[in-house]
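Report on the structure
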Amino acid sequence: MLVQDRVTTNPNPKSPKSQIRASINSHHHDLHHRFSESKSLDFSTWVSENFCKIVTITVLVATVAAILFLLSTGDTAALSYIQSKAQPLDKTHHPPRINWNNIPSIADKSSPYTNFRSEKWIVVSVSHYPSDSLKKLVRIKGWQLLAIGNSRTPNDWSLKGAIYLSLEQQATLGFRVSGYLPFDSYLRKSVGYLFAIQHGAKKIFDADDRGEVIDGDLGKHFDVELIGEGARQETILQYSHENENRSVVNPYVHFGQRTVWPRGLPLENVGEIGHEEFYTEVFGGKQFIQQGISNGLPDVDSVFYHTRKTGLEAFDIRFDERAPKVALPQGVMMPVNSFNTIYHSSAFWGLMLPVSVSTMASDVLRGYWGQRLLWEIGGYVVVYPPTVHRYDTVGGYPFSEEKDLHVNVGRLIKFLVAWRSSKHELFEKILELSFAMAEEGFWSEQDVKFTAAWLQDLLAVGYQQPRLMSFELDRPRPNIGHGDRKEFVPRKLPSVHLGVEETGTVNYEIGNLIRWRKNFGNVVLIMFCNGPVERTALEWRLLYGRIFKTVIILSSQKNEDLAVEAGHLDRMYK
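To keep things clear, this report deals only with the structure shown in the data block. (Residues numbered from 1 in each chain as written. Predicted model: local features only at pLDDT ≥ 70, side-chain atom pairs only at ≥ 80, totals over all residues. Heavy atoms only, no water.)

Below, the discussion takes up the sheet that holds strand S17 (residues 550-555). The 3 strands lie next to each other as S16-S17-S18, forming an open sheet whose pairing is parallel. The sheet terminates laterally at strand S16 (524-529) and strand S18 (564-566), the two strands that pair on one side only. Within this sheet the neighbouring strands show an average axis-to-axis angle of 35°, counted without direction. The pairing of S17 with S18 spans 3 bridges and is classified as parallel. Each bridged residue has a counterpart across the sheet, and for Ser555 the counterpart in S18 is Ala566. (Pairing = 2+ DSSP bridges. Helix = DSSP H or I, 4+ residues; strand = E, 2+ residues; numbered from the N terminus. Axes fitted to C-alpha atoms, helices over the stretch in contact; angles between N-to-C directions.)

As structure tokens, then:
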């Protein structure tokens, strides 16, 4: 995972307050019962005999007092450091109830930019002094750069032409979400989104400080205007909805890289490298979320990074800049990130970055959650040819830090596609879905409360929630006639495959593997690894998993994270 300068935090409490209090009460009752039977009246003797118990109770009471203090002061960000991963909610919890018609407005009365207005904003998180990429980003004509600081940002951070909000300034803005955000994370961008909306934003480019916009012109690559004279009145290629069983796609295939996949794509889908048999078309105007492709170092996960890296040589992967943009129909999803994406005002509610999951998973979950809700207002996601170039200057995160993402994302997609709501307002649907995701354990109750705070802050800064549209996912899909089929055959660009350059005939190796699968598709492959399995297991699964129905990897040491079973070489045939 290589998209942000992220710090992993554990934002969920390990147990609710009620459980802690119950534990304390049971300890007191037990101690009272035991102490009442003491035969010694000598206080010093009693203390010496019960010293361990006294220390245990003292520590327990001090811990509870500290937790209650944090809760009473409302410092949710501080609590994030002692919380554990998301657990499903029990049936006693209920979604928050909000009076949407009685939310007081929040005006900017504290920052130096009280009267500043702009329709187009670039929002970035900064932890270091301005990078060369950021200095180029601030010069993009017609866009206002907003830099959001955190606890690691230098105190004297500044960049001419940029608006910078330090932690101290963020705290004075009065947003409800501030209390839920960790101090040292890019998740503080949520404050930046609200600030931009408060100051007139109609389009927000969600970016980071490592990407350079190609040719320095966002309007050249994205559909910045959807209505009016500046809008491109054209139809857009759309993935076919003919296969009702397909719910996720890898957009990198469309842009010429069949063996590369984006962070957040379920690993069980990385082997689906065949191009579309045909596309359909959709009218432009409702591509409220626009995802750009990155040249150089694209948005890839740690599995790709660590299995494709050739020594110290930096990645420089290129995508087809001549490939047409492509839309996703209802029922089909793809990963959406937080460093190369334009959100239009109709989708501003979808900018919320969840806080109870790891920072590596936050924007991925946001993207899938937002896509599902986008269908409720008739909107869709469109993917665009290369819009930025990102340089491979950092190392990849270990697989263990993305494990929960890989384990849950496939289940999340199935859940979202099947989810239905009978609510009559978008914000009610958003809150209901956030609660349902907490019930399923995709994030915690913390994010349900955060969603409620986020939606109230949106209304408080003047945002108008979009109207719902008729939802067509449950209706029979129309047949795709011959005249509706649009063909486009993606190019096959040079790439990297398991640590070697794809050149010449190697470029077609993966295509050959898919053809071989017709002969070996029902075969179970059992392999034994003599050496370290950390990298070998991933390589074997990615390579042979494309051919054989099942790949079983054995080693002398069991590794649950990599699905490697313990075995002995001399017993493999048994």
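Once that is clear, we can look at helix H7 (residues 189-198). Counting buried residues along H7, 10 of its 10 residues qualify, which places the element largely inside the surrounding structure. For H7, the full list of buried residues reads Lys189, Ser190, Val191, Gly192, Tyr193, Leu194, Phe195, Ala196, Ile197 and Gln198. Phi turns positive, to about 95°, at Gly200, one or two residues after H7. (Buried < 20%, exposed > 50% of the residue type's maximum accessible area, 1.4 Å probe, protein only.)

All right, on to the pattern of salt bridges then. With the rule as written, the count across this model stands at 21 salt bridges. Two residues, Arg491 and Asp320, come together in a salt bridge whose shortest N-O distance is 3.2 Å. Here Arg491 is found in the loop between helix H14 (445-460) and strand S14 (496-497), whereas its partner Asp320 is found in the loop between helix H10 (302-308) and strand S11 (326-327), with 171 residues between them in sequence. Under the relative-accessibility criterion, Arg491 is labelled partly exposed at 37%. (Salt bridge = Lys/Arg side-chain N within 4 Å of Asp/Glu carboxyl O.)

Following the sequence through the fold, Gly296 ends up in strand S10 (residues 289-296). Considered as a pair, Gly296 and Gly211 are 85 residues apart in the sequence and their alpha carbons are 9.6 Å apart. The contact partners of Gly296, leaving out residues within four places of it in the chain, are Phe315, Asp316, Ile317, His389 and Arg390. (Contact = heavy atoms within 4.5 Å.)

Ile204 and Trp349 are the most contacted members of the largest nonpolar core, which has 121 residues in total. No other element matches helix H13 (residues 426-439), which puts 9 residues into this core. The residues contacting Trp349, other than those within four sequence positions of it, are Trp369, Gly370, Leu373, Leu374, Ile377, Leu426, Phe427, Ile430, Trp454, Leu458, Tyr463 and Pro466. Counting residues in each nonpolar core, the second largest holds 28 residues, with Val124, Val126, Ile140 and Phe205 among its members. (Core = buried A, V, L, I, M, F, W, Y, C linked by side-chain atoms within 4.5 Å.)

Relative orientation and spacing of two packed helices are given, respectively, by the angle between their axes and the distance between those axes. Two elements in contact, helix H11 (residues 359-374) and H13, have axes separated by 11 Å at closest approach and are oriented at 140°. As summarised for this structure, H11 and H13 are arranged oblique, according to the angle between their axes. In this structure, the crossing between H11 and H13 has a hand that is right-handed. Contacts from Trp369, Arg372 and Leu373 of H11 reach H13 at Leu426, Lys429, Ile430, Leu433, Ser434 and Met437. Classifying every residue of the contact of H11 with H13 by side-chain character gives 6 nonpolar, 1 polar and 2 charged. (Parallel < 35°, antiparallel > 145°, perpendicular 65-115°, else oblique. Left-handed = near helix turned anticlockwise from the far one by under 90°. Nonpolar A, V, L, I, M, F, W, Y, C, P; charged D, E, K, R; others polar.)

Right, let's talk about the pairing of strand S8 (residues 235-239) for a bit. Judged by how many residues are buried, S8 sits mostly within the fold: 4 of 5 residues are covered. Pairing analysis gives 5 bridges linking S8 to strand S9 (residues 279-283), with the strands arranged antiparallel. Within the sheet, the bridge partner assigned to Thr235 lies in S9 and is Phe283. For S8 and S11, the ladder comprises 2 bridges, and the chain directions are parallel.

That is the geometry; function is a separate question.
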